[in-house]
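# Observations on the three-dimensional arrangement
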Amino acid sequence: VTKLFTFAAACENLGLEFKTRTTVSSYCFLNSEGHLPGDLFLHGANDPLLNSENLRNLAQQVASKGLRSIDGQVIVPMHLSLDDRFFRDAEWEDFVWIPEAAPLCLNGNRLKLKVSPGESLGAPVHWELNQEVPFCTIVNQAVTDLLRTD
């Protein structure tokens, strides 16, 4: 029910044609060879539909503007800047805004995990991740058990 009200409020305040934007910026300028002497920032806007293909397209757009190399890092700021223009006329009682999600969500924040039983009862289950995720550690505490019918 909460998602239904959230969707209705978003449609009312943002409109059905609203699109979030994932943008890039830097504090530095490109030189004539397309070199950026500092960091490149990737700013997310909580786009729930952002996927790997969109990110590749964004990288191609950045490259088409002349970027060829970066001295710094690609940084994803992990704070959400709330654009309050959507809420100026709203009236709330006892409302507290606590963002729990990072502003950049990729592929629905999902990982594809293949899980299979271990060799024997009580043995750890086996899992395979079909993508490299260097920022994520999976701790497997699941064990093989009997099928329960209750």
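Residues numbered from 1 in each chain as written. Predicted model: local features only at pLDDT ≥ 70, side-chain atom pairs only at ≥ 80, totals over all residues. Heavy atoms only, no water.

### Points about the confidence of the model for the chain
Scored by pLDDT, the chain has a mean of 77; 75% of the residues are at 70 or more. Mean pLDDT in the chain bottoms out at strand 6 (residues 113-116), which sits at 82, and peaks at strand 2 (residues 35-36), which reaches 92. (pLDDT = per-residue confidence, 0-100. Helix = DSSP H or I, 4+ residues; strand = E, 2+ residues; numbered from the N terminus.)

### Considerations on the sheet that holds strand 1 (residues 23-25)
In space, the 3 strands of this open sheet follow the order 1-3-5, with mixed pairing throughout. If you trace the sheet from one side to the other, it starts and ends with strand 1 and strand 5 (74-75), each paired once. Note: strand 3 (residues 40-43) against strand 5, 2 bridges, orientation parallel. For Leu40, the partnering residue across the bridge sits in strand 5 and is Val74. (Pairing = 2+ DSSP bridges.)

### Thoughts on helix 1 (residues 2-14)
Its 13 residues give helix 1 an end-to-end C-alpha distance of 18 Å, which sits within 8% of 18 Å, the value for a rise of 1.5 Å per residue. In terms of burial, helix 1 is largely open, as just 0 of its 13 residues are buried. At the exit of helix 1 stands Gly15, carrying a positive phi of roughly 90 degrees. (Expected span 1.5 Å × (residues − 1). Buried < 20%, exposed > 50% of the residue type's maximum accessible area, 1.4 Å probe, protein only.)

### A short note on the packing of aromatic side chains
Counted under the stated rule, the structure contains 1 aromatic pair. Here Tyr27 and Phe41 contribute two aromatic rings whose centre-to-centre distance is 5.3 Å and whose plane-to-plane angle is 75 degrees, an arrangement assigned as edge-to-face. Here the residue Tyr27 occupies a position in the loop between strand 1 and strand 2, and Phe41 occupies one in strand 3, the gap between them amounting to 14 residues. The exposure class assigned to Phe41 is buried, which follows from its relative accessible area of 14%. (Phe/Tyr/Trp six-rings, centres within 6.5 Å; stacked < 30°, edge-to-face > 60°.)

### A few points about the side chain of Thr144
Of note, Thr144 is situated in the segment after strand 7 (126-129). The exposure class assigned to Thr144 is buried, which follows from its relative accessible area of 12%. Thr144 has contacts with Pro117, Gly118, Ser120, Leu121, Gly122, Ala123, Pro124 and Val125, leaving out every residue within four places of it along the chain. (Contact = heavy atoms within 4.5 Å.)

### Observations regarding the environment of Leu104
Looking at the element boundaries, Leu104 is found in the loop between strand 5 and strand 6. Here the alpha-carbon distance between Leu104 and Pro48, two residues 56 residues apart in the chain, equals 8.7 Å.

### Examining the side chain of Thr22
Within the element layout of this structure, Thr22 appears in the loop between helix 1 and strand 1. If we skip the residues at most four places from it in the chain, Thr22 touches Leu42, His43, Gly44, Leu50, Leu58 and Leu104.

### Here we look at the environment of Ile70
Looking at the element boundaries, Ile70 is found in strand 4 (residues 69-70). Taking relative accessible area as the criterion, Ile70 reaches 30% and is therefore assigned partly exposed. Sequence separation between Ile70 and Gly34 is 36 residues; the distance between their C-alpha atoms is 8.8 Å. Look past the residues within four positions of Ile70 in its chain and what remains in contact with it is His35, Leu36, Gly38 and Leu40.

### What about helix 2 (residues 52-64)?
Compared with an ideal rise of 1.5 Å per residue, which puts 13 residues at 18 Å, helix 2 spans 18 Å between its outermost C-alpha atoms and is within 8% of the ideal. N-capping of helix 2 is provided by Asn51, with a side-chain oxygen placed 3.0 Å from the backbone N of Glu53. (Polar contact = N/O pair within 3.5 Å; in protein donor to acceptor, adjacent residues only side chain to side chain.)

### Observations concerning the pattern of salt bridges
Following the criterion strictly, the structure yields 1 salt bridge and no others. Residue Glu53 pairs with Arg56 through a salt bridge whose shortest N-O separation is 3.4 Å. In this pair, Glu53 and Arg56 are both assigned in helix 2, 3 residues apart and thus about one turn of the helix distant. (Salt bridge = Lys/Arg side-chain N within 4 Å of Asp/Glu carboxyl O.)

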